[in-house]
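These are the residues of each chain, in order.
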Amino acid sequence: MTKTIPIRPYDKPAGGLGALHGAAKALIGNGAALATLPRLNQPRGVDCPGCAYPDSPDSKSVDFCEQGAWAIAHEGGKRRAAPEFFAEHTVTALRAWDHVTLEGAGRLTAPMLYDQATDRYREIGWEAAFALAGAELRALGDPQRAVFYTSGRTSNEAAFLYQLFARAYGTNNLPDSSNLCHESSGQALTMSLGVGKSTVTRADFAHARLIMSFGHNPGSNHPRMLADLREAKRRGCRIIIFNPLRERGLEAFADPQAPAELVNGGTRLADAYYQVRVGGDLAAITGIVKAVLERDAADPDFIAAHTDGFGSFCATVAGQAWPAIEAASGLTRAQMEEAASYYIASPATIAAWCMGLTQNEFAVETIQMLVNLMLLRGNVGKPGAGLMPVRGHSNVQGDRTVGITSRPKPEWLAGLRRVFGIQAPGAPGLDAVGTIDGLLDGVVQAFVALGGNFAVAAPDTPRVLEALSRTRLTVHVATRLNRTHLYPGRTGLLLPCIGRTELDMQPGGAQFVSVEDTASMVHASMGRNRPASPLLRSEPYIVSQLARNTLPESGIDWNIDWNALGTDYDAIRALIERVADGAVDGFDDFNAKIRHDKGFHLPNSAGRREWRTATGKARFIAHALPADTIMARARARYGNGVLCLATIRAHRQYNTTVYRDPKGEVDRYRGVHGSRHVLFAGAGTLARLGFADGDIVRVRAAAPDGIERHVDGIRLVAIDYGHDDVFGYFPELTPLLSPLLVARGANTPAFKQIPVLLERAG
Ligand SMILES: Nc1nc2c(c(=O)[nH]1)N[C@H]1C(S)=C(S)[C@@H](COP(=O)(O)OP(=O)(O)OC[C@H]3O[C@@H](n4cnc5c(=O)[nH]c(N)nc54)[C@H](O)[C@@H]3O)O[C@H]1N2
Ligand SMILES: Nc1nc2c(c(=O)[nH]1)N[C@H]1C(S)=C(S)[C@@H](COP(=O)(O)OP(=O)(O)OC[C@H]3O[C@@H](n4cnc5c(=O)[nH]c(N)nc54)[C@H](O)[C@@H]3O)O[C@H]1N2
Ligand SMILES: [Mo]
């Protein structure tokens, strides 16, 4: 770690030639990925597994980005983690490998069972694997001791079967990656507007006059959004940004698919860039609301016709004093007044956000304050306006729609009862943080995962890993090896599946799956590439066989023909349509509509000003600025050296999948090369604490539970930043977060608010 980490400031627009070169690097020598690229996000093509950003509404000849190229290249690629690989390495030895090397071992090729005696995974037949998992799940005795985790890449078809399996088995323990991600958005929007999804479609961008962007980094994490922002900007739409870091992709963008832009410096995107402090958005939005109200610029007609709670909301806002708002937001009153001017001047405003808002203690309150701001001037349910949580995983939203949740709606359970006679429990099951608690205290004894890298994606990684190895059963359906797989339970299964880009051939012919993007467009995705191994099975098939081997054949007759469902996805879609009837709008004629080129849109009630809330109105929900915060409590206990750590993604990663760039590029737009073990901090903060740029430190958690957590060998990088926040990469820094620190009311881990101390190395 003593090697110098070159930080090379990046002053060009995001995208541009860098993105073209970046895509090329991913694709060189990867025939499978090259063959997929032209079909990405096209009618009858492959849904990009990169992100959930909607496809272009008009048929563009190409609709992909550098990051999508890396995602599909990762799924393709020639390396294989075959049984010989596992014969060579004990699980204990593999634990010493880093994330990159583990996934770099290649695609899994055969079902594997952990063998205690040799400390190795060894090959097992599919039938034997299914029988073993089924026997273990039946032997648990209490279905509440099993959890069924889902990562948001899985298809609607696999997800629907999976929740059917879990509920027929008898539990709502269905945690998912959304619990770690946009759970706060779903909770906040449902309470305020009666629907937990984006009210905006991609077509709205053509009518927006102002786009307010909060807490996301589209240059790296949803680059196709930059093309929409650029188009909007060219039409005269204003764009204002709220982000503590000056993200290159939000400042300027050159479309790699528009040759002229590659040489002319690109398009400047941001009209104003407000560097809020981490967690400062609730105060910042409160300030804008206050300014709008003080200028009497609310829309009384909309408020009277569509909302409730306005009176008490105004009283609460009036009670928040400007100095407190300035201190909590990190912005000046003048900045918030200026933002209010942009907002008032716009007849149609979109507010978009991602993890910078959701992974904070007061995420739900913050998002509701954003809803309040939009309601003030009727910016919900009209063209060019609305609220847009930008989802992460490519089908995380669809998985929710088809029943992956620990808190099912009664209408959904009624559908399962009507169609199958399943009496699923009504009580909520375990979400992701609940699962951590259940694992740590030994209640959870079976952990089944449909994709993902749970322990590495979730807080408190080392303790969760250790707890997983104390369970009775772990089952991972996966494409590549990751660290969570290396902590098998007493019975530990690794079941390899085909990926999104690969041909899914079943006895009745090639199958396609369906996915839903962040703007509620449902469309088909069909892989064509030869699967990485002939032994791979599809996710729907694997789930169907796990279910068939677990659930009793006799006694209760659910009329579920698992064998048929696992091979015929039209049959699954027909069941989704029947269960959704009365619970989710828009699935009528599912099998016909999914065959339309661009798929179909699931209607959004709030988008047409129909408010399915407790009061039948869009709700102003008042929130005063909190005094008791994670940081205040940590500073009271550990002193003023406590800093707020926000863990973020680098350019070359997909969540816990870290890519190795041949040129050593880690995070292009933030200028990081060579190592991910860095921590960005304001030069003033470092000076106050007696540190300097380039120092190597131990980062220690200032944890509420007093448990010792630290990460060593982190290099400080001084940046021009005025608040006591620091920024570093996940998953390396995730072990610093205690599972006690979550968004209130949503349980999303506070990945952007980890209280830490810096200590001089050794
Ligand atoms: N290539 C690639 N694409 C991806 C992913 C990936 O890892 N790689 N992940 C996918 C997934 S699952 C998701 S959820 C999305 C994530 O997409 P993003 O939300 O863009 O991901 P993060 O890196 O977590 O970025 C958080 C941003 O929030 C800012 N931020 C941090 N704290 C605060 C705060 O308190 N307030 C505000 N206003 N801003 C703050 C940070 O400076 C950073 O710009 O991307 C998806 N797409
Ligand atoms: N500190 C910190 N932690 C975070 C975040 C953060 O901002 N900071 N962000 C959180 C967010 S937003 C999210 S969404 C979660 C993500 O949490 P997860 O979804 O659990 O994690 P991923 O890294 O996306 O999962 C990668 C693994 O998925 C498997 N995989 C890939 N493709 C497929 C497939 O087609 N099928 C199957 N079955 N498996 C496949 C591979 O084995 C791969 O190793 O992480 C969260 N963790
Ligand atoms: Mo996410």
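Nothing here was measured: the structure is a model prediction, and the numbers come from that model.

What counts, and where the lines are drawn
- Residues numbered from 1 in each chain as written.
- Chains lettered and ligands numbered in written order.
- Predicted model: local features only at pLDDT ≥ 70, side-chain atom pairs only at ≥ 80, totals over all residues.
- Heavy atoms only, no water.
- Near = heavy atom within 4 Å.
- Polar contact = N/O pair within 3.5 Å; in protein donor to acceptor, adjacent residues only side chain to side chain.
- Areas by Shrake-Rupley, 256 points an atom, 1.4 Å probe, with all protein chains shown as cover.
- Nonpolar A, V, L, I, M, F, W, Y, C, P; charged D, E, K, R; others polar.
- Disulfide = S-S within 2.5 Å.
- Buried < 20%, exposed > 50% of the residue type's maximum accessible area, 1.4 Å probe, protein only.
- Salt bridge = Lys/Arg side-chain N within 4 Å of Asp/Glu carboxyl O.
- Helix = DSSP H or I, 4+ residues; strand = E, 2+ residues; numbered from the N terminus.
- Contact = heavy atoms within 4.5 Å.
- Pairing = 2+ DSSP bridges.
- Axes fitted to C-alpha atoms, helices over the stretch in contact; angles between N-to-C directions.
- Phe/Tyr/Trp six-rings, centres within 6.5 Å; stacked < 30°, edge-to-face > 60°.
- Lys NZ or Arg CZ within 6 Å of the ring centre and 35° of its normal.
- Core = buried A, V, L, I, M, F, W, Y, C linked by side-chain atoms within 4.5 Å.
- Domains from an automatic or database assignment.
- Parallel < 35°, antiparallel > 145°, perpendicular 65-115°, else oblique.

## Focus: the site of ligand 2
Inference 1: Neighbouring ligand 2 are 31 residues, the closest being Glu103, Tyr149, Ser151, Glu539 and Thr656.
Inference 2: For ligand 2, an oxygen atom lies 2.7 Å from a polar atom in the side chain of Tyr149.
Inference 3: A total of 940 Å² of accessible area belongs to ligand 2 in isolation, and the protein chains cover 96% of it.
Inference 4: Considering only residue class, the shell around ligand 2 consists of eleven nonpolar, 14 polar and six charged.

## Topic: the state of the cysteines
Inference 1: Tallied over the full model, the rule gives zero disulfides.
Inference 2: Cys644 forms no disulfide, and the closest cysteine sulfur to it belongs to Cys354, at a distance of 18 Å.
Inference 3: On the basis of relative accessibility, which here comes to 2%, the residue Cys644 falls in the buried class.

## Concerning the pattern of salt bridges
Inference 1: In this structure the tally under the stated criterion is 51 salt bridges.
Inference 2: For Arg400, the salt bridge identified is with Asp176, shortest N-O distance 3.2 Å. Residue Arg400 is located in helix α21 (residues 396–401), and its partner Asp176 is located in the loop between α8 (156–169) and α9 (183–193); the two are separated by 224 residues in the primary sequence.
Inference 3: Judged by relative accessible area, which is 2%, Asp176 ranks as buried.
Inference 4: When the shortest N-O distance is used, the salt bridge between Asp570 and Arg573 registers 2.8 Å. Note that Asp570 and Arg573 are positioned in helix α28 (residues 569–580) at a spacing of three residues, about one turn of the helix.
Inference 5: Among the residues examined, Asp570 registers a relative accessible area of 25% and is labelled partly exposed.

## As for the environment of Cys497
Inference 1: Residue placement: Cys497 occurs in the loop between β17 (491–496) and β18 (505–506).
Inference 2: Under the relative-accessibility criterion, Cys497 is labelled buried at 2%.
Inference 3: Taking the C-alpha atoms as reference, Cys497 lies 5.9 Å from Ala478; in sequence the two are 19 residues apart.

## Re the side chain of Thr307
Inference 1: Tracing the backbone through its elements, the reader meets Thr307 in strand β12 (residues 307–308).
Inference 2: Among the polar contacts made by the side chain of Thr307, one reaches the main-chain carbonyl oxygen of Ile303 at a distance of 2.6 Å.
Inference 3: Not counting residues up to four positions away in its chain, the partners in contact with Thr307 are Phe302, Leu375, Lys617, Ala618 and Phe620.

## Notes on the sheet that holds strand β7 (residues 210–214)
What links the strands of a sheet is backbone hydrogen bonding, and the strands pair in either a parallel or an antiparallel sense.
Inference 1: Spatially, the five strands line up as an open sheet ordered β11-β8-β7-β13-β14, and their pairing is parallel. Whereas interior strands pair on both sides, the edge strands pair on one side only; in this sheet they are β11 (272–274) and β14 (386–389). Recorded for the sheet is a direction-independent mean angle of 15 degrees between the axes of neighbouring strands.
Inference 2: Sheet analysis places strand β8 (residues 238–242) next to β11, joined by three bridges and oriented parallel. From the neighbouring strand, Ile240 faces β11, where its bridge partner is Ala272.

## What about the packing of aromatic side chains?
Inference 1: Counting across every chain of the model gives 24 aromatic pairs.
Inference 2: The interplanar angle of 10 degrees and the centroid separation of 4.5 Å between the aromatic rings of Phe214 and Phe242 together place this pair among those described as stacked. Of this pair, Phe214 sits in strand β7 while Phe242 sits in strand β8, placing them 28 residues apart in sequence.
Inference 3: Taken together, the ring pairs in this structure connect Phe85, Phe86, Trp97, Tyr114 and Tyr121 into an aromatic cluster.
Inference 4: The lysine or arginine in question, Arg95, covers the ring of Tyr487, its NZ or CZ lying 3.8 Å from the ring centre.
Inference 5: Over the aromatic face of Tyr654 sits the side chain of Arg153, whose NZ or CZ is 5.4 Å from the ring centroid.

## Notes on the nonpolar core
Inference 1: Of all hydrophobic cores here, the largest spans 77 residues; its most connected members are Phe86, Phe454, Leu481, Leu679, Leu736 and Leu758.
Inference 2: At five residues, the largest contribution of residues to this core is made by strand β24 (residues 643–648).
Inference 3: Here this core gathers at least three residues from each of two domains, domain 1 (80–181 + 395–588) and domain 3 (630–760).
Inference 4: Look past the residues within four positions of Leu758 in its chain and what remains in contact with it is Leu643, Leu679, Leu686, Phe691, Val697, Arg698, Val699 and Leu716.
Inference 5: One finds Leu140, Met526, Ile560 and Trp562 within the second-largest nonpolar core, a separate group that totals 66 residues.

## Re the domain arrangement of the protein chain
Inference 1: Assigned domains within the protein chain: domain 1 (80–181 + 395–588), domain 2 (183–394 + 615–619) and domain 3 (630–760).
Inference 2: Listed per partner, the contact involves 21 residues of domain 1 and 20 residues of domain 3.
Inference 3: Counting across the interface, domain 1 meets domain 3 through one salt bridge.
Inference 4: Arg709 is the partner of Asp460 in a salt bridge, and the nearest nitrogen-oxygen pair spans 2.7 Å.
Inference 5: Our count for the contact surface shared by domain 1 and domain 3 stands at five residue pairs in polar contact (both at pLDDT 80 or more).
Inference 6: Mapped by element, the contributors of at least two residues to the side of domain 1 that touches domain 3 are α6 (99–104), α23 (432–440), α24 (454–457) and α25 (461–468).
Inference 7: Looking at the side of domain 1 that touches domain 3 residue by residue, the classes come out as ten nonpolar, five polar and six charged.

## A short note on the site of ligand 1
Inference 1: In the neighbourhood of ligand 1, 31 residues make up the surrounding shell, with Glu247, Gly279, Asp281, Gln653 and Asn655 lying closest.
Inference 2: Ser220 is positioned with one of its backbone polar atoms (N or O) 3.1 Å from a nitrogen atom of ligand 1.
Inference 3: Taking Asn221, its main chain carries an N or O atom lying 2.7 Å from a nitrogen atom of ligand 1.
Inference 4: Elements with a minimum of two residues in the shell around ligand 1: α10 (218–221), α19 (355–358) and β25 (653–654).
Inference 5: The class makeup of the residues in the shell around ligand 1 is eleven nonpolar, 16 polar and four charged.
Inference 6: Of the domains in this structure, domain 2 (183–394 + 615–619) and domain 3 (630–760) are the two that each give at least three residues to the shell around ligand 1.

## Thoughts on the packing of α8 against helix α22 (residues 410–420)
Inference 1: Contact geometry of α8 with α22 gives a least axis separation of 12 Å together with a crossing angle of 80 degrees. On the basis of their axis angle, the class for α8 and α22 is roughly perpendicular. Here α8 contributes Phe160, Gln163, Leu164 and Arg167 to the contact with α22, which in turn contributes Trp412, Leu413, Leu416 and Phe420.

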